[in-house]
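Read off the chains here:
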Amino acid sequence: MSCLFCRIVDGEIPATVVHETKTTVAFRDIRPKAPVHVLVIPREHVPNAVDLTGEQLGDLFAAAKEVAEAEGVSETGYRLVFNTGPDSGQEVFHAHLHVLGGRKL
Ligand code: 5GP
Ligand code: ZN
């Protein structure tokens with residue numbers, strides 16, 4: 001499998017994993033745009049966020065909430081972003097939820 005994020009899920013490419021569930025993995029973005037910048041992804045390969053099932057979306061948001069709590073940004077607030085398609089700047093075509101916080105955005 002050549003997908004970068006599938007390889008992170010499989011442990012073939014190192015990443016700083018901060019949270020895991022049966023269906024999701026969360027790890028630090030390699031080029032953080034904020035003091036807290038974590039990517040939450042489904043273990044299953046789905047190219048775009050809009051193609052995720054309701055259950056997968058629920059799992060990603062539940063994981064993002066726990067990541068925000070663990071990172072200490074629950075009270076200060078954070079931004080949740082899905083980039084979808086070329087004009088959004090999406091680089092990696094394995095759905096991922098950005099969790100950004102730790103400064104005024
Ligand atoms: P996108 O632009 O597709 O929404 O976001 C992809 C994100 O993945 C970018 O913020 C980028 O910095 C991050 N990224 C790209 N390659 C790697 C990598 O090998 N490891 C990690 N941890 N993050 C990566
Ligand atoms: Zn993938």
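Values in this document were obtained by computation on a predicted structure and should not be read as measured data.

Draft legend 1. Layout of the overall build of the protein. The helix and strand tally for the protein stands at two helices and five strands. Reading the protein from its N end, one meets helices and strands in the order α-β-β-β-α-β-β. In terms of C-alpha radius of gyration, the protein reaches 13 Å, essentially the compact-globule figure of 13 Å for 105 residues. When the 105 residues of the protein are sorted by exposure, 39% land in the buried category. The contacts in the protein between residues at least 6 apart in sequence include a share of 52% that link residues at least 24 apart. Carbon and sulfur atoms make up 52% of the accessible area of the protein, which totals about 6100 Å². Within the protein, one finds 10 positive and 14 negative side-chain charges whose respective centroids are separated by 7 Å.

Draft legend 2. Quick look at the pairing of strand E5 (residues 97-101). Burial analysis of E5 places five of its five residues in the buried class, which makes it a mostly covered element. Along E5, one buried face is formed by Leu97, Val99 and Gly101 and the opposite face, lined by His98 and Leu100, is buried too. Pairing of strand E4 (residues 78-81) with E5, which is carried by four bridges, proceeds in the antiparallel orientation. Looking at the pairing, tyrosine 78 lines up with glycine 101 of E5.

Cut-offs applied
Residues numbered from 1 in each chain as written. Chains lettered and ligands numbered in written order. Predicted model: local features only at pLDDT ≥ 70, side-chain atom pairs only at ≥ 80, totals over all residues. Heavy atoms only, no water. Helix = DSSP H or I, 4+ residues; strand = E, 2+ residues; numbered from the N terminus. Rg over C-alpha atoms; globule rule 2.2 N^0.38 Å. Buried < 20%, exposed > 50% of the residue type's maximum accessible area, 1.4 Å probe, protein only. Contact = heavy atoms within 4.5 Å. Areas by Shrake-Rupley, 256 points an atom, 1.4 Å probe, with all protein chains shown as cover. Lys, Arg positive; Asp, Glu negative; His and termini not counted. Charge placed at Lys NZ, Arg CZ, Asp CG, Glu CD. Pairing = 2+ DSSP bridges.

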